[in-house]
Amino acid sequence: DSLLQENQKMKVALLLIGTLCLLAGTIEGFTKPRRSDGKPPGPSDGTPPRPSDDTHPRPSDGNPPRPSDGKPTRPSGGKPPRPVSECAPSPEMKTVVKLLEQLVDKVKELEGKLDVLLLSDTSLRLDHTWQNLTTGTYAFLGEPCTWFEARDKCKAIGGYLVEINSLAEMNLILKTSNALGWKELKLAFWLGLNDIQKEGSWVWEHSQRRNNDGFRYWKPRPDNDETRPDNEDCALAKGTSYGWHQSPCDTKKKLGSDWTPATVCKKDG
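Thresholds, definitions, all that
- Residues numbered from 1 in each chain as written.
- Predicted model: local features only at pLDDT ≥ 70, side-chain atom pairs only at ≥ 80, totals over all residues.
- Heavy atoms only, no water.
- pLDDT = per-residue confidence, 0-100.
- Helix = DSSP H or I, 4+ residues; strand = E, 2+ residues; numbered from the N terminus.
- Disulfide = S-S within 2.5 Å.
- Buried < 20%, exposed > 50% of the residue type's maximum accessible area, 1.4 Å probe, protein only.
- Salt bridge = Lys/Arg side-chain N within 4 Å of Asp/Glu carboxyl O.
- Phe/Tyr/Trp six-rings, centres within 6.5 Å; stacked < 30°, edge-to-face > 60°.

**Student:** What is the right way to look at the confidence of the model for the chain in this model?
**Tutor:** Any region with low pLDDT has predicted coordinates that should not be read closely. In this model, the chain carries a mean pLDDT of 75, and residues with pLDDT of at least 70 account for 56%. Ranking the helices and strands of the chain by mean pLDDT puts strand β3 (residues 160-161) first, with 97, and helix α4 (residues 122-126) last, with 43.

Structure follows, in structure tokens:
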């Protein structure tokens, strides 16, 4: 949870800082009223116009205005004033819109890079950090590794390679790993399940229970073909549904569809 909160705070901070920097230099010009020629109102010398003490305009000769003949008056230039709705947006407004569009694209790009930077360092952030869930205590180590390396890592921190005993436990592990971004990063994870000793006899490494006696989540079921040259003797949870797949135990690099094996450890008590 703390990792996710930190991630979200950094994203919000990036967005706010970028927005403030862009708006700081343009907000003053954006809020000023402008004439159709783009110049600010008032005389050209910069002095504000003097307010009139008369509610009616007077001709230049000083005489009072003549009664209206019912026809609308026009400005001295002979052209009617432009309606407010037809006024073009100011250059500052156009600049702000363009910069904000660029900011949105940049923030999206930075979010993706930030996720990768934070979550690719999961192994360092979560090593030796056990999470207490309702089905047990687990550690999620995101560094790519083989099945044997994953087993040894779990032993080194006082646990064992995860054994999953129910659908509820499987769903809870997936919910936690998804919250860490594993699905987005296509991180698979090794199970403590293997048939290294005897082809087709899948046994949990820690408890030595046969998988045929408990919960199974194979997708598809292992073919247990001894003639296969790749020796797929270890179980790996991968894919969008994280179904269990048989895989070569020394797999460490990216798999089909770019899934990379990582580690989930479990401990009792």
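**Student:** Help me out: how do you make sense of the state of the cysteines in this one?
**Tutor:** In a disulfide, the sulfur atoms of two cysteines are covalently bonded to one another. Scanning the model with the defined rule gives 2 disulfides in all. Residue pairing for C154: its cysteine sulfur links by disulfide to C265, the two sulfurs lying 2.0 Å apart. Disulfide C154 to C265: torsion about the S-S bond roughly -85°, handedness left-handed. Of this pair, C154 sits in helix α5 (residues 147-156) while C265 is found in strand β8 (residues 260-267), placing the two residues 111 residues apart along the sequence. Looking at C265, the relative accessible area reads 0%, which means it is buried. Across the disulfide, C234 is cross-linked to C249 (sulfur-sulfur distance 1.9 Å). Where C234 bonds to C249 through sulfur, the torsion about that S-S bond is close to 95°, and the disulfide is right-handed. With a gap of 15 residues between them, C234 in strand β6 (residues 234-238) and C249 in the loop between β7 (243-247) and β8 connect regions that are remote in the sequence. The pair formed by C234 and C249 is uniform in burial state, with each residue classed as buried.

**Student:** In this structure, what is going on with the pattern of salt bridges? I would like to understand it.
**Tutor:** Pairing between side chains becomes possible if they bear opposite charge and their charged atoms approach one another. Applying the stated criterion across every chain, the model contains 6 salt bridges. One salt bridge connects E163 with R209, and the closest N-O pair in it is separated by 3.7 Å. Within this pair, whereas E163 is found in the loop between β3 and α6 (167-179), its partner R209 is found in the loop between β5 (203-204) and β6, the two being separated by 46 residues in sequence. Overlapping salt bridges, with partners in common, bring together R151, D152 and E205 in one network.

**Student:** What is the right way to look at the packing of aromatic side chains in this model?
**Tutor:** Aromatic ring pairs: the centre-centre distance and the angle between the two ring planes describe each pair. Evaluation of the coordinates by the stated rule reveals 10 aromatic pairs. Ring geometry for Y242 versus W259: centroids 5.5 Å apart, planes at 85°, classification edge-to-face. Within this pair, whereas Y242 is found in the loop between β6 and β7, its partner W259 is found in the loop between β7 and β8, the two being separated by 17 residues in sequence. One exposure class covers both Y242 and W259, and it is buried.

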